[in-house]
Amino acid sequence: RELILLKNRNKALQPRSDIQTSYINTNNEHVLGIEKKYKGHTVIGIFNFSGQSENVIFDDPIFNVDDYQRRRPIQIRAGEEVKLAPMQYLLFTNV
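Residues numbered from 1 in each chain as written. Predicted model: local features only at pLDDT ≥ 70, side-chain atom pairs only at ≥ 80, totals over all residues. Heavy atoms only, no water.

Another aspect to go through is the overall build of the protein. Along the backbone of the protein there are one helix and eight strands. Mapped in sequence order, the helices and strands of the protein form the string α-β-β-β-β-β-β-β-β. Relative to a compact globule of 95 residues, whose C-alpha radius of gyration would be 12 Å, the protein shows 13 Å and is just as compact. The proportion of buried residues among the 95 residues of the protein is 34%. The contacts of the protein with a sequence gap of at least 6 include a subset with a gap of at least 24, amounting to 53%. Carbon and sulfur atoms make up 49% of the accessible area of the protein, which totals about 6,200 Å². For the protein, the distance from the average site of its 13 positive side-chain charges to the average site of its 11 negative ones is 11 Å. (Helix = DSSP H or I, 4+ residues; strand = E, 2+ residues; numbered from the N terminus. Rg over C-alpha atoms; globule rule 2.2 N^0.38 Å. Buried < 20%, exposed > 50% of the residue type's maximum accessible area, 1.4 Å probe, protein only. Contact = heavy atoms within 4.5 Å. Areas by Shrake-Rupley, 256 points an atom, 1.4 Å probe, with all protein chains shown as cover. Lys, Arg positive; Asp, Glu negative; His and termini not counted. Charge placed at Lys NZ, Arg CZ, Asp CG, Glu CD.)

Our focus in this paragraph is the pattern of salt bridges. If you walk through the whole model with that rule in mind, you get one salt bridge. Ionic pairing is found between Glu-80 and Arg-77, a salt bridge with its closest N-O pair at 3.9 Å. Of the residues examined, Glu-80 reaches a relative accessible area of 24% and is grouped as partly exposed. (Salt bridge = Lys/Arg side-chain N within 4 Å of Asp/Glu carboxyl O.)

Moving on, we come to the packing of aromatic side chains. Enumeration according to the criterion identifies two aromatic pairs in this entry. Between the aromatic rings of Phe-47 and Phe-49, the centroid separation amounts to 6.2 Å while the plane-to-plane angle is 25°, which identifies the pairing as stacked. You can call Phe-47 partly exposed: its relative accessible area is 25%. The class of Phe-49 is exposed, set by a relative accessible area of 54%. (Phe/Tyr/Trp six-rings, centres within 6.5 Å; stacked < 30°, edge-to-face > 60°.)

Of note, the phi angle at Lys-39 is positive, near 45°, even though the residue is not glycine. Inspection of the secondary structure puts Lys-39 in the loop between β2 (31-38) and β3 (41-48). Its identity is not glycine, yet Met-87 carries a phi of approximately 60°, on the positive side. Summarising the element assignment, Met-87 is placed in the loop between β7 (81-84) and β8 (89-93). With a relative accessible area of 54%, Met-87 lands in the exposed category.

With that out of the way, let us pick up the nonpolar core. When a protein is soluble and globular, its nonpolar side chains tend to lie buried together. Counting residues in hydrophobic clusters, the biggest one holds twelve residues: Val-31, Ile-44, Ile-46, Val-56, Phe-58, Ile-62, Val-65, Ile-76, Val-82, Leu-84, Leu-90 and Phe-92. For this core, the secondary structure elements donating two or more residues are β3, β5 (62-67), β7 and β8. Aside from chain neighbours lying at most four places away, what touches Ile-46 is Val-31, Leu-32, Gly-33, Phe-58, Leu-84, Gln-88, Tyr-89, Leu-90 and Phe-92. (Core = buried A, V, L, I, M, F, W, Y, C linked by side-chain atoms within 4.5 Å.)

See below:
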């Protein structure tokens, strides 16, 4: 239900052909990072598809977004390590 609300609020998640989608290097083959942008709306998703905890290190910083699940601003520095539990995902959004 929460993800449906996010999809309805954030234009970067709506079905449009002109949305920019790019991959985020997580430096971990088990963790997928995706960024979607559309007219000032941004969503970043980090997905651990592994059955074990995984660490990711981002090449570029992540800033000016909120941690969607915790409802608070977040900033991750380039080179900073983030640990994800098995099958955990993180969502960051600016809307």
